[in-house]
Amino acid sequence: MTHSLTFDAISEAAPGPKWAARWGRSWPAYKAWFIARGGDNGPDRAACEAALKQYMPELVPVHAKLTALAGGSDRASRFLSTWCPPSYLGGCSLAVATSRDDIRLVRNYDLSPDLNEGLLLHSAWTGRPVMGMIEFIWGLSDGINDAGLSVALAYGGRQETRRGFGITTILRYVLETCKTVSEALRVLQRVPSHMPYNVVVADASGAAASVEVYAGGGAKVQPRLVATNHQTDGSIPDRAAFTRTYQRSKHLESVLIEGTEPAALVGQFTQAPLKQHRYAEGFGTLFTAEYEPRCRKMTLHWDNEIWVQSLDAFAEGTREVRYGSAAVGSVPQGDGIDWVRFGMEYAAGQQPDWRRFLPRGIDVA
């Protein structure tokens, strides 16, 4: 069985018909998700817009334009604010390698092909050129701006939720308003996230940081320029065995300790143990994004194909990517757990208890 995803590169300086067309395409699925996950029971429109004005005032005019393009409904406004949204999941591995004359931020986006928008958007919504991979129709999972500031996120490993914004909106805000890593860190400390995430940032000066962002607010810089799907605050990540978060983190740390050159870092992400092939289980690498802050450039990597884009020479286009599906028997089953069924529920945003996936006849107290 194979899986596929269409990637589109679109350029639109101000919110307009191209974004509206994307809204029309993506909103039905997001609307169903928002309702099913209890989004209508969240803060009302006034509260959502007030929160945006308090924490990210520079985005208020953008949010208003997008809401108008989306039809102007209360539900659209609340969804686009991402203030206290329903919980959602992801995977991902991140790292930054630096040298005297180069710096690269690389990330793998690991999830089901059915749960990614496949949109690379080049925009200038607040006057600053920004380019990145879209989440929630206007947020960013990773991106770069005209100052060379680059950023990417990884799920923090727990479905703990508190009052805060969806992290993809926060990353959008970082790239719309910041030029340096130090400025980005102040935003990540100040603007509360609704769930825990790990974020890596790098800028054109060669500065970089890996940051744990906590649910409800606060962030802590980590000593290594890597991030996967757990945090160091003593919490236990969900599905650690399934996502192999500790194995991926250990591998990335060893790669950086060995002094891998920045240009060679991406090669680690396109092979095991970082590259994931479990698409049928909802956990495969959909793309590898490589950011070059000093060149204001990014490259999307897939098997046997790359797509180079820059803020100064952005080209609209489409790529159809097909993913192979590893045989079920190739998935480690030594612990007896049916990780295939577990993974499908995980990708759907459910909270499966691993005990339900043990072979019949095995009981765990």
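Scoring rules and cut-offs
Residues numbered from 1 in each chain as written. Predicted model: local features only at pLDDT ≥ 70, side-chain atom pairs only at ≥ 80, totals over all residues. Heavy atoms only, no water. Helix = DSSP H or I, 4+ residues; strand = E, 2+ residues; numbered from the N terminus. Buried < 20%, exposed > 50% of the residue type's maximum accessible area, 1.4 Å probe, protein only. Contact = heavy atoms within 4.5 Å. Areas by Shrake-Rupley, 256 points an atom, 1.4 Å probe, with all protein chains shown as cover. Expected span 1.5 Å × (residues − 1). Bend = angle between axes of the 7 residues up to and from the residue. Pairing = 2+ DSSP bridges. Axes fitted to C-alpha atoms, helices over the stretch in contact; angles between N-to-C directions. Parallel < 35°, antiparallel > 145°, perpendicular 65-115°, else oblique. Nonpolar A, V, L, I, M, F, W, Y, C, P; charged D, E, K, R; others polar. Phe/Tyr/Trp six-rings, centres within 6.5 Å; stacked < 30°, edge-to-face > 60°. Lys, Arg positive; Asp, Glu negative; His and termini not counted. Salt bridge = Lys/Arg side-chain N within 4 Å of Asp/Glu carboxyl O. Polar contact = N/O pair within 3.5 Å; in protein donor to acceptor, adjacent residues only side chain to side chain. pLDDT = per-residue confidence, 0-100.

Some details on the overall build of the protein chain
Consideration 1: In terms of helices and strands, the protein chain carries 10 helices and 16 strands.
Consideration 2: Buried residues in the protein chain amount to 56% of all 365 residues.
Consideration 3: The long-range fraction of contacts in the protein chain, counting pairs at least 24 apart against all pairs at least 6 apart in sequence, stands at 67%.
Consideration 4: In the structure as shown, the protein chain presents an accessible area of about 14,500 Å², 52% of it carried by carbon and sulfur atoms.

Focus: helix α1 (residues 17-36)
Consideration 1: For α1, which comprises 20 residues, the first-to-last C-alpha distance of 28 Å matches the rise-based estimate of 28 Å (1.5 Å per residue) to within 8%.
Consideration 2: Considering bend angle alone, the principal kink of α1 is centred on serine 26 and spans about 45°; proline proline 28 follows within four residues of it.
Consideration 3: Those residues of α1 that fall on the buried side of the exposure criterion are Trp19, Arg22, Trp23, Ser26, Trp27, Tyr30, Trp33 and Phe34.
Consideration 4: Structurally, α1 contributes buried residues whose contacts are with β1 (3-11), α3 (60-69), α4 (74-81), β4 (119-123) and β5 (130-135).

Things to note about the environment of alanine 227
Consideration 1: One can find alanine 227 in strand β11 (residues 226-227).
Consideration 2: Those residues in contact with alanine 227 that sit more than four places away from it in its chain are Cys92, Ser93, Leu94, Asn198, Val200, Ser210 and Leu252.

Here's the deal with the pairing of strand β7 (residues 150-155)
Consideration 1: With respect to burial, β7 is a largely interior element, six of its six residues being buried.
Consideration 2: Where burial is concerned, the two faces of β7 agree: the one with Ser150, Ala152 and Ala154 and the one with Val151, Leu153 and Tyr155 are both buried.
Consideration 3: Relative to β7, strand β6 (residues 139-145) runs antiparallel, the two sharing three bridges. Paired with glycine 143 across the strands is valine 151, a residue of β7.
Consideration 4: Following β6, the chain reverses through four residues before pairing antiparallel with β7; glycine 148 in that reversal takes a positive phi of roughly 90°.

Here's the deal with the packing of α1 against α4
Consideration 1: Where α1 contacts α4, the axes come no closer than 11 Å and their chain directions differ by 90°. Here α4 runs roughly perpendicular to α1, going by the angle between their axes. On the side of α1, the interface is formed by Trp19, Trp23, Trp27, Tyr30, Lys31, Trp33, Phe34 and Ile35, while α4 contributes Arg75, Ala76, Phe79 and Leu80.
Consideration 2: Of the residues contributing to the contact of α1 with α4, the split by class is 10 nonpolar, no polar and two charged.

Concerning the packing of aromatic side chains
Consideration 1: In this structure the tally under the stated criterion is 20 aromatic pairs.
Consideration 2: Measuring from ring centre to ring centre gives 5.2 Å for tyrosine 30 and phenylalanine 79, while their planes differ by 50°; the resulting arrangement is tilted. With tyrosine 30 in helix α1 and phenylalanine 79 in helix α4, this residue pair connects regions lying 49 residues apart in the sequence. The same class applies to tyrosine 30 as to phenylalanine 79, namely buried.

Structural notes on the side chain of glutamate 12
Consideration 1: On the secondary structure map, glutamate 12 appears in the loop between β1 and α1.
Consideration 2: Despite its burial, glutamate 12 pairs with no opposite charge; the closest candidate is lysine 18, at 6.0 Å N-O.
Consideration 3: One polar contact links the side chain of glutamate 12 to the main-chain amide nitrogen of lysine 18, over a distance of 2.9 Å.
Consideration 4: Contact partners of glutamate 12, with chain neighbours within four places excluded, come to Pro17, Lys18, Trp19, His122, Ser123, Ala124 and Trp125.

A short note on the sheet that holds β4
Consideration 1: Spatially, the nine strands line up as an open sheet ordered β10-β9-β8-β7-β6-β5-β4-β1-β16, and their pairing is mixed. Only two strands of the sheet have a single partner each, and these edge strands are β10 (219-222) and β16 (317-323). Here the strands of the sheet are splayed against their neighbours by 20° on average, with no regard to which way each runs.
Consideration 2: In the sheet, strand β8 (residues 197-202) pairs with strand β9 (residues 208-213) via six bridges, with the strands oriented antiparallel. Within the sheet, the bridge partner assigned to tyrosine 197 lies in β9 and is valine 213.
Consideration 3: Helix-sheet contacts for α1 involve β1, β4 and β5, and the interaxial angle to β1 is about 150°.

Observations regarding the confidence of the model for the protein chain
Consideration 1: Confidence in the prediction for the protein chain averages 90 pLDDT; 88% of positions are at 70 or higher.
Consideration 2: Low pLDDT, under 50, characterises residues 326-340; the predicted model gives this stretch 20 contacts beyond four residues in sequence or across chains.
Consideration 3: Within the model, pLDDT remains below 50 along residues 357-365, and this stretch shows 14 contacts once partners closer than five positions in the same chain are excluded.

As for the side chain of threonine 285
Consideration 1: Structurally, threonine 285 is set in strand β13 (residues 283-292).
Consideration 2: Judged by its relative accessible area of 2%, threonine 285 falls in the buried class.
Consideration 3: A polar side-chain atom of threonine 285 sits 2.6 Å from a polar atom in the side chain of aspartate 110.
Consideration 4: Here the side chain of threonine 285 touches glutamine 276 through a polar contact of 2.8 Å, landing on its backbone nitrogen.
Consideration 5: Setting aside residues up to four positions removed in sequence, threonine 285 forms contacts with Asn108, Tyr109, Asp110, Leu274, Lys275, Gln276, Tyr279 and Tyr323.

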